[in-house]
Amino acid sequence: MTPDDGVIAILFGAPGSGKGTQSAYISDVFDLAHVSTGDMLRAEVAKGTPLGVEVEPIMSSGQLVPDDLIVRVIEARLLRKEGGSGILLDGFPRTVAQAQALDAVLARAGRTIDVILFLDVPEEELRERILRRGAEEDRPDDTPEAVHTRLEVYESETAPVLDYYDAVGANVQHVDGVGDIDEVRARLRRAFGAHGTEPAR
Ligand code: AMP
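In what follows, the accompanying structure is described. (Residues numbered from 1 in each chain as written. Predicted model: local features only at pLDDT ≥ 70, side-chain atom pairs only at ≥ 80, totals over all residues. Heavy atoms only, no water.)

## Brief notes about the packing of aromatic side chains
Next up, step 1: Evaluated as defined, the whole model comprises four aromatic pairs.
Next up, step 2: Taken together, a centroid distance of 6.4 Å and an interplanar angle of 50° make the contact between Phe-12 and Tyr-154 tilted. With a gap of 142 residues between them, Phe-12 in strand S1 (residues 7-13) and Tyr-154 in helix H7 (residues 144-167) connect regions that are remote in the sequence. Both residues of the pair, Phe-12 and Tyr-154, belong to the buried class. (Phe/Tyr/Trp six-rings, centres within 6.5 Å; stacked < 30°, edge-to-face > 60°. Helix = DSSP H or I, 4+ residues; strand = E, 2+ residues; numbered from the N terminus. Buried < 20%, exposed > 50% of the residue type's maximum accessible area, 1.4 Å probe, protein only.)

## With respect to H7
Next up, step 1: Between its first and last C-alpha, H7 extends 34 Å over 24 residues, near the 34 Å set by a 1.5 Å rise per residue.
Next up, step 2: Glu-155 marks the point of greatest bend in H7, at about 45°.
Next up, step 3: Among the residues of H7, Ala-146, Val-147, Thr-149, Arg-150, Leu-151, Val-153, Tyr-154, Thr-158, Val-161, Leu-162, Tyr-164 and Tyr-165 are the ones counted as buried.
Next up, step 4: Looking at the residues trailing H7, positive phi occurs at Gly-169, about 75°. (Expected span 1.5 Å × (residues − 1). Bend = angle between axes of the 7 residues up to and from the residue.)

## Thoughts on the site of the ligand
Next up, step 1: Surveying the vicinity of the ligand reveals 17 residues, the closest of which are Thr-37, Arg-42, Gln-63, Gly-91 and Gln-98.
Next up, step 2: Lys-19 places a polar side-chain atom, nitrogen or oxygen, 3.4 Å from an oxygen atom of the ligand.
Next up, step 3: Within the side chain of Gln-98, a nitrogen or oxygen atom sits 2.9 Å from a nitrogen atom of the ligand.
Next up, step 4: Relative to its free-state accessible area of 480 Å², the ligand is covered by the protein chains to the extent of 97%.
Next up, step 5: The cavity where the ligand resides is the largest pocket. (Near = heavy atom within 4 Å. Polar contact = N/O pair within 3.5 Å; in protein donor to acceptor, adjacent residues only side chain to side chain. Areas by Shrake-Rupley, 256 points an atom, 1.4 Å probe, with all protein chains shown as cover. 1 Å grid on protein atoms, 1.4 Å probe; cavity = no way out; pocket = protein on both sides within 12 Å on 5 of 7 lines; lining within 4 Å. Sits in = over half its atoms within 2 Å of the grid points.)

## Re the layout of surface pockets
Next up, step 1: Space inside the largest pocket adds up to approximately 1,100 Å³.
Next up, step 2: Considering the residues around the largest pocket, the lining is formed by 49 residues, among which Gly-16, Lys-19, Gly-20, Arg-133 and Arg-139 are closest to the centre.
Next up, step 3: Listed by contribution, the elements that provide at least two residues to the lining of the largest pocket are S1, helix H1 (19-29), strand S2 (33-36), helix H2 (37-47), helix H6 (123-137), H7 and helix H8 (181-193).
Next up, step 4: Taken together, the residues that form the lining of the largest pocket break down as 17 nonpolar, 18 polar and 14 charged.
Next up, step 5: Approximately 150 Å³ is the volume found for the second largest pocket.
Next up, step 6: Together, 13 residues line the second largest pocket, and Ala-14, Val-121, Leu-126, Tyr-154 and Glu-155 are the ones closest to its centre.
Next up, step 7: If one sorts the elements of the lining of the second largest pocket by residue count, H7 sits on top with five residues.
Next up, step 8: Class assignment of the residues belonging to the lining of the second largest pocket gives a composition of ten nonpolar, no polar and three charged. (Points joined across faces, edges and corners; volume = space filled by probe spheres on them. Nonpolar A, V, L, I, M, F, W, Y, C, P; charged D, E, K, R; others polar.)

Laid out in structure tokens, this is it:
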């Protein structure tokens, strides 16, 4: 990663907020590399690598994998050079320690985060959405117990990341995540565009 490698954006939200779907859309529209730590870990599990074997039970239970492990994974990914107008992080950082580690990695490259989009969805709706998705997609961490754990972990570990970014004066854009998918897309596009980046298409 070099100082002119393009925009660094984060799509931040609770499990079930739609961040996976919306990150894919925003990264396509603005020509960003979509970096999803959940997708990266699921790929390791599917391939049966040592990392996949280690993280599979943690993911199925709805807990977070250890910070040092995920920071190593993301650091390797950030240092891999590629085209496009920048990167969109999805599902990382998920703890204040991860946010601090990310800041340190970026600082070494002379970079900071350009924009953090927070996709805001009330808890009751999150629960309903995840359970519906569990029925449709058969994700092992969409069972009622794992959903409960994931929402608790979000409140205790991940929500404080937003306070951290507010405290350091980062550019946090709040986006209402309730409504149909096109409405939310349009809000995200506006919030991302306000950062000054033109859509690639
Ligand atoms: P996601 O698809 O983003 O909901 O991630 C699925 C699961 O992968 C999470 O419930 C965690 O077990 C694990 N995971 C993904 N990203 C992280 C992260 N940044 N830190 C710790 N665990 C993560």
